[in-house]
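A structural walkthrough
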Amino acid sequence: MSALPPLDVMLWCVLALLATGVAAIVIGRNAWARWPVYCACLAISGIACAFALLHLIVHPAAAWEAVLPLGLPWIGAHFRIDALAAFFLVVINLGAAAASLYGLGYGRHESAPERVLPFFPVFLAGMNMVLLAADAFTFLLSWEFMSLASWALVMTHHRDDDNRKAGFVYIVMASFGTLALLLAFGLLAGAEGGYAFATIREQGAPPGLTGLVLALALLGTGSKAGLVPLHVWLPLAHPAAPSHVSALMSGVMTKVAIYAFIRIVFDLLGPIGWEWAIPVLIIGAATAVLGVLSALMQNDIKRVLAYSTIENIGLIFVALGLAMAFQGNGMQAAAALAMTAALFHVLNHSLFKNLLFFGAGAVLSATGERAMEKLGGLLNRMPVTGLLFLVGSVAISALPPLNGFASEWLMFQAILLSPELPQWALKLLVPAVGALLALAAALAAACFVRAFGITFLGRPRSEAAAGAHEIDRLSIAAMAIVAVLCLLTGIVPAVVIDAVAPTVQFATGTRMPVQTDIAWLSIVPIAESRSSYNGLLVFVFIVASASAAAFVIHRVASDKLRRAPAWDCGFPDASTVTQYSADSFAQPLRRVFGGFAFRAREEVHMPLPGNGNPARLTVHMHDLVWEGLYLPIVRLINVLAEKLNHLQFLTIRRYLSLVFGALVFLLLVVASWP
Amino acid sequence: MNNLAFDIAHLLAGGLVLISLMLLYQDRLTSLLNAFALQAFVLSLSVAWQAYVQNAPHLYLTAGIALSVKAVIIPLALRRIIRRLGIHREIETAINVGPTMLAGLGLIALSMVVVLRVTSEADMLAREDLAFALSVVLLGLLMMVTRRNAVSQVVGFMSLENGLILAATGAKGMPFVVEISVAFSVLIAFIVIGIFLFRIRERFDSVDLEAMDEFRGEAH
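Here we summarise the structure given alongside this text. Note that the structure is a prediction, hence the values are computed from the model and not measured.

Conventions and cut-offs
- Residues numbered from 1 in each chain as written.
- Chains lettered and ligands numbered in written order.
- Predicted model: local features only at pLDDT ≥ 70, side-chain atom pairs only at ≥ 80, totals over all residues.
- Heavy atoms only, no water.
- Helix = DSSP H or I, 4+ residues; strand = E, 2+ residues; numbered from the N terminus.
- Rg over C-alpha atoms; globule rule 2.2 N^0.38 Å.
- Buried < 20%, exposed > 50% of the residue type's maximum accessible area, 1.4 Å probe, protein only.
- Contact = heavy atoms within 4.5 Å.
- Areas by Shrake-Rupley, 256 points an atom, 1.4 Å probe, with all protein chains shown as cover.
- Buried area = accessible area lost by both parts, 1.4 Å probe.
- Salt bridge = Lys/Arg side-chain N within 4 Å of Asp/Glu carboxyl O.
- Polar contact = N/O pair within 3.5 Å; in protein donor to acceptor, adjacent residues only side chain to side chain.
- Nonpolar A, V, L, I, M, F, W, Y, C, P; charged D, E, K, R; others polar.
- Expected span 1.5 Å × (residues − 1).
- Axes fitted to C-alpha atoms, helices over the stretch in contact; angles between N-to-C directions.
- Parallel < 35°, antiparallel > 145°, perpendicular 65-115°, else oblique.
- Left-handed = near helix turned anticlockwise from the far one by under 90°.
- Patch = residues over 30% accessible without salt bridge, like charges linked within 9 Å, V, L, I, M, F, W, Y side chains within 5 Å.
- Phe/Tyr/Trp six-rings, centres within 6.5 Å; stacked < 30°, edge-to-face > 60°.
- Lys NZ or Arg CZ within 6 Å of the ring centre and 35° of its normal.
- Core = buried A, V, L, I, M, F, W, Y, C linked by side-chain atoms within 4.5 Å.

1. Focus: the overall build of chain A
A tally of regular secondary structure across chain A gives 24 helices and four strands. Radius of gyration (C-alpha) of chain A: 26 Å, near the 26 Å computed for a compact globule of 674 residues. In chain A, buried positions account for 54% of the 674 residues. Once local pairs closer than 6 in sequence are excluded, the contacts in chain A between residues at least 24 apart make up 78%.

2. Details of the overall build of chain B
Looking only at helices and strands, chain B features eight helices and zero strands. Ordered by position from the N terminus, the helices and strands of chain B form the series α-α-α-α-α-α-α-α. Residue burial in chain B is summarised as follows: out of 220 residues, 50% are buried. Contacts in chain B between residues at least 24 apart in sequence constitute 74% of all its contacts with a sequence separation of at least 6. With an accessible surface of roughly 10400 Å², chain B has 66% of that area assigned to carbon and sulfur atoms.

3. Examining the interface of chain A and chain B
Facing the 16 residues of chain A at the interface are 22 residues of chain B. Carbon and sulfur atoms make up 71% of the area that chain A and chain B hide from each other, which totals about 1600 Å². The largest contributions to the chain A side of the interface with chain B come from R653(A), F660(A) and L667(A), which together make up 38% of the buried area. Taken together, the links from chain A to chain B amount to zero salt bridges. Here chain A is connected to chain B by one residue pair in polar contact (both at pLDDT 80 or more). In terms of residue class, the side of chain A that touches chain B is made up of 12 nonpolar, two polar and two charged.

4. Examining helix α2 (residues 34-58) of chain A
With 25 residues, α2(A) extends 35 Å from end C-alpha to end C-alpha; this agrees with the ideal 36 Å at 1.5 Å per step. Of the positions making up α2(A), those classed as buried are R34(A), V37(A), Y38(A), C41(A), I44(A), S45(A), A48(A), C49(A), A52(A), H55(A) and L56(A).

5. Looking at the environment of G194(B)
All names here are of chain B. Residue placement: G194 occurs in helix α7 (residues 176-204). Of the residues examined, G194 reaches a relative accessible area of 9% and is grouped as buried. Along the backbone, G194 and V154 are 40 residues apart, and their C-alpha atoms lie at a distance of 9.0 Å.

6. Considerations on the packing of helix α1 (residues 6-27) of chain A against helix α4 (residues 119-132) of chain A
All names here are of chain A. Interaxial distance between α1 and α4 falls to 8 Å at its minimum, and their mutual angle equals 155°. Put simply, α1 runs roughly antiparallel to α4. Along this stretch, α1 crosses α4, giving a crossing that reads as left-handed. Facing α1, whose interface residues are L7, M10, L11, V14, L17, L18, T20 and G21, α4 presents P121, V122, L124, A125, N128, M129 and L132. Class assignment of the residues belonging to the contact of α1 with α4 gives a composition of 12 nonpolar, three polar and no charged.

7. A word on a nonpolar patch on the surface
Residues and elements named next belong to chain A. On the surface, V604, M606, L617, V619 and M621 cluster together to form a nonpolar patch covering roughly 470 Å² of accessible area. Turning to its location among the elements, L617 is positioned in strand β4 (residues 616-620). Overall, the relative accessible area of 49% leaves L617 in the partly exposed class.

8. Overview of the packing of aromatic side chains
In this description, a pair of aromatic rings is defined by centroid distance and the angle of the planes. Residues and elements named next belong to chain A. In the structure shown here, the tally under the stated rule is 20 aromatic pairs over all chains. Between F139 and W143 the ring centres are 5.7 Å apart and the planes differ by 20°, which places this aromatic pair in the stacked class. Linking F139 with W143, this pair stays in helix α5 (residues 136-154), spanning four residues, or about one helical turn. Looking at F139, the relative accessible area reads 0%, which means it is buried. One Lys or Arg, K165, reaches over the ring of W626 and ends 5.3 Å from the middle of that ring. Sitting above the plane of the W424 ring, K427 keeps its charged end 5.1 Å from the centroid.

9. Concerning the nonpolar core
In terms of nonpolar packing, the biggest core is built from 212 residues, with F88(A), F139(A), F185(A), I262(A), F317(A), L320(A) and F326(A) touching the most fellow members. Element by element, the count of residues in this core is highest for helix α13 (residues 332-367) of chain A, at 22 residues. In terms of nonpolar packing, the next biggest core, distinct from the first, is built from 62 residues, I82(B), A133(B), V145(B) and A150(B) among them.

Structure, rendered in structure tokens:
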């Protein structure tokens, strides 16, 4: 054991983050305050990330525990770091460090730094505490801490009506999720109230209640991660926060929810039957498809990214569902493969979603616009941001050689193992889920072609976009670092797979075969005869063929300049409205999928002959989840509130009678209790 | 000796319950106050007996407070109030006496069942005491619910509080501070309600709480 156990370092880091938050309250109003605060966050997150990585590599199987005399007196606060927590600590602190670096530059545009700076480190501390907690009380406390800090960040610009609505929906959903988790832990702890995770682990699943615990865990973690139909808050709240916080919420906080799901289902609940994988698979697939379809229909670039987060969460849950299905059938190797894919995608999504939100933040600070219909042509004005955003788009679209491809490829390898499952239900379901995943992946590519193309290509659609300038170097540095990480993890996935192996071992009891020993850095998840992928080879091929093509074009092609109007690539008219717009790009997909997913309807208003007004095309879309599920609940609550309202205006004697009646009733219950 | 102690404590506590029942069917305010004074007197006897049995001299002080404040000062003051308000001849009940008495008997049975079931391991004296005390509390509450007049509600509240003191002195080792504070809180409540009564009277020419409901436009 080293002189400084990682757990101690982690807890000191949490304390340091909290102290930073307190200090930020004092200095937050000053313009220079972002330097000390974000620098401290950067340093602390960097240290935490390094130590977590060290733990994962040096002591993969070890776990440290500590009990601090905090919280409830007879429980104390248990903290623990094991392989699962360590992996997520790496992911979260990596994202946090990148966001802090980005915040150093981006923070200069913040109009109300005193509302961001104190909560930012506290939010980071909350997420770290959730990962370190080892008893239900500490866990829920940290979870709420994280929720409330992020809520405060969502409400940074609270004078905007939309943001207030987002904050309200967010806090309602967050409270609901915490309630579900509270009940889940209550069931796990049993009648004895063994709230420490170690006790729960020993007890295993409460008999006959596995399904209920699982459903509650899915509700609780799903509402934070953004599973359909609990996702409604996410596209409202994530874009409302400042961009580096959006990146943290989308790229990192959703991962904390996934950690909680893995912790409950794979660790605390003990072995569970294969049949519980079915709801997870179905919900995951529905989330993936609906998330990316909604992303395609959005016009606000940050909302596109938020909906795409929902899609990726769906993918991760599908992989987790696969791991549950395989594990329930004792297919350990396949379970390890699916779990590796899930964890790999967790890392990847945190990287490229951070990158994309940073890019969106750069566009926002350069132009003041989030609506894609007002952007365009930014690649010429912000070449570096454009290039980095392109890297993120390629990665999230799962194109080789970037990291998105590697993890989704592993996911499909796991899906291809489904014929070996013994149950017909799974044999039929998993390929269907696979088809939905493939659809989601294709739609994601279309979505990011649209996001990048409309924002960065073409001609600027507004004055703001025309006058945009490249953003500051620190923000670019943050984006560049993340982009390089996206590329590296895509080129050498074997290293990542072996690095997450201890976590996979912890969660599923076994691990994938060692990949770093295979020649040429290929990855072979099952057998050489089945499938293998070499990111390096693909990268070298792409670089070589692209360079060769460029060389050939520059050398061989004629360099004589020709000017010809011809048909001008489709828009000879100089007006920018003749370009493809975000909505027109999405129209074909909207016509195919929008009918059932959004009840989309197009209406053409043709002026009568002789009337000089322009024709209009109006699109009506409905958010079916919101209208079908949430509005009825809201109506029900309103009706109940209306009915209970008259209780506020009773006479004194009636209030006394109510109290008296309740007292007598309770006494009767006590008297007749068996 | 021990048996005698138990019997006398039992007798006094039972007397309290009996007087609570008497309170329920008094339909004239003057006789209601008389009954209340009697209850406070029995309470002070009971507390004094507990002080003797438990060998706890500070309980004598509680008994003294009960005797002087609740049996003498408060009834006299309330009597003055109702005379000044001119309502000492009024008759009022919200529910008929018969059902009220039946409900009262039911409540006594309920509190016996509850306390005797729940405290099967405690010692006999404390159990009986608690059962009676709970009966007195519930009967006081019943009185507050069934009466309309503010004065009778005050009496109901103080009778409820008598039940609390009975419970507190029945249990050994109740800190004295608590009793003092309870007694004083009742005194303060009495003062506040007294002032309140005059206010109500000034404004509505009645101490009937229904008048306030009418004022809010919610008379039924």
